[in-house]
Amino acid sequence: MEKREDHDTGNVEFLFTRDECRKVKGILAALAAVFVVGMGAAAYSVYSMTSLRAENELYRNQLRMAEKKMEDLSQKVDSVEKIGQEVENMVNGQGRASGGVGGGTTVPDKAAEEKPSAIETPGDLLAEIVKLNEIVDRELRHIISLRSDLMTRDHVARAIYQAYDADAPSMWPVTGEISSPFGWRESPGGIGSAYHEGVDIATDYDTPVHVTADGVVTKTGWVDGYGYLVEVRHANGVVTRYGHNSAIVVYEGQQVHQGDTVALAGSTGNSTGPHAHYEVRVNGTALDPMLFLK
């Protein structure tokens, strides 16, 4: 850098060489870069804080929604428990006794295992609650439908019994205690639940099984699930079935009268011990045989 001074005017000038100008420009560029980086870091910091606040607010909103869902779920669980107890009282009014059970199931087992997902964030919690809510809704619809169906069947059975008292199947096929009632129950294999379309009456092997009303034998022989089965058609669209027999003593087309022996009790088919499986169907619909017994 060169210094020039005008003695007449007193002005002083500084002259830079080309190399010195390049150095000054480099320093200015470096300072500008530092300034830009500093401003960028500051802007990113502000953005990060804003994003974090937004994320925290999202979590808080999700937690509030989760709490509301939990309240709704709790109310639905209470409803399911109350209705479930009512249905249980309707279906399982009879006590259980020792003896074999099995057969007569046309509704498949339902042994669904719902495994909860890993919950790491409020969003996971909310998703799990929504899933549980859907499960409860499904079960609630099922229980309400079952209750309505049972109530309808009760009315139908009583109406038929009152209208055709003389021809109704009104006696026990064997003497014994109910080992498995009509309706939903645990499967004989111990996995899941199934719909039992008759009653199982505990008894000894080869106990005579009596037809419960006058009628015509329409089916004899082996039927999957039932083992050795006898089916009898009665008046007014009523059909009775006698399953898990050790032997059958009637033939198809035979006329039988109330009290006649049609089979000997056993444990054939889907069974866990000796008993008599007894069904009453009206126009193809299985009804609780206990409704017909005096």
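See the structure above.
Cut-offs applied
- Residues numbered from 1 in each chain as written.
- Predicted model: local features only at pLDDT ≥ 70, side-chain atom pairs only at ≥ 80, totals over all residues.
- Heavy atoms only, no water.
- Helix = DSSP H or I, 4+ residues; strand = E, 2+ residues; numbered from the N terminus.
- Buried < 20%, exposed > 50% of the residue type's maximum accessible area, 1.4 Å probe, protein only.
- Contact = heavy atoms within 4.5 Å.
- Areas by Shrake-Rupley, 256 points an atom, 1.4 Å probe, with all protein chains shown as cover.
- Phe/Tyr/Trp six-rings, centres within 6.5 Å; stacked < 30°, edge-to-face > 60°.
- Core = buried A, V, L, I, M, F, W, Y, C linked by side-chain atoms within 4.5 Å.
- Salt bridge = Lys/Arg side-chain N within 4 Å of Asp/Glu carboxyl O.

## Considerations on the overall build of the chain
Across its full length, the chain carries 2 helices and 15 strands. For the chain, the residues scored as buried account for 35% of the 294 residues in total. Put simply, of all contacts in the chain between residues at least 6 apart along the chain, 67% involve residues at least 24 apart. Per element, the accessible surface of the chain, about 17400 Å² overall, is 55% carbon and sulfur.

## Re the environment of A168
Within the secondary structure, A168 is located in the loop between α2 (122–163) and β4 (178–180). In this structure the C-alpha to C-alpha distance between A168 and F292, which are 124 residues apart in sequence, comes to 7.1 Å.

## Examining the packing of aromatic side chains
Counted under the stated rule, the structure contains 2 aromatic pairs. Aromatic pair W222 and Y228: ring centres 5.1 Å apart, planes at 85 degrees, arrangement edge-to-face. For Y228, a relative accessible area of 35% translates into the label partly exposed.

## With respect to the nonpolar core
Counting residues in hydrophobic clusters, the biggest one holds 29 residues, and the most contacted among them are V199, V209, V230, V232, Y242, V256 and V262. The dominant element in this core, judged by the number of residues it contributes, is strand β14 (residues 275–282), at 4 residues. Setting aside its immediate chain neighbours within four residues, V256 contacts V211, D214, G215, V217, V232, V250 and V262. L73, V80, I83 and L140 belong to the second largest nonpolar core, which has 6 residues in total.

## Examining the pattern of salt bridges
In the structure shown here, the tally under the stated rule is 4 salt bridges. When the shortest N-O distance is used, the salt bridge between R281 and E197 registers 2.7 Å. A residue pair is termed long-range when its members are at least 10 positions apart, and R281 in strand β14 and E197 in the loop between β6 (193–196) and β7 (199–202) qualify at 84 residues. In this structure, E231 engages R241 in a salt bridge whose closest nitrogen and oxygen atoms are separated by 2.9 Å. Taken together, the positions of E231 in strand β10 (residues 227–233) and R241 in strand β11 (residues 238–248) put the pair 10 residues apart, joining distant regions of the chain. The class of E231 is buried, set by a relative accessible area of 12%. The class for R241 is buried, based on a relative accessible area of 16%. Overlapping salt bridges bring together E197, E231, R241, E279 and R281 as one network.

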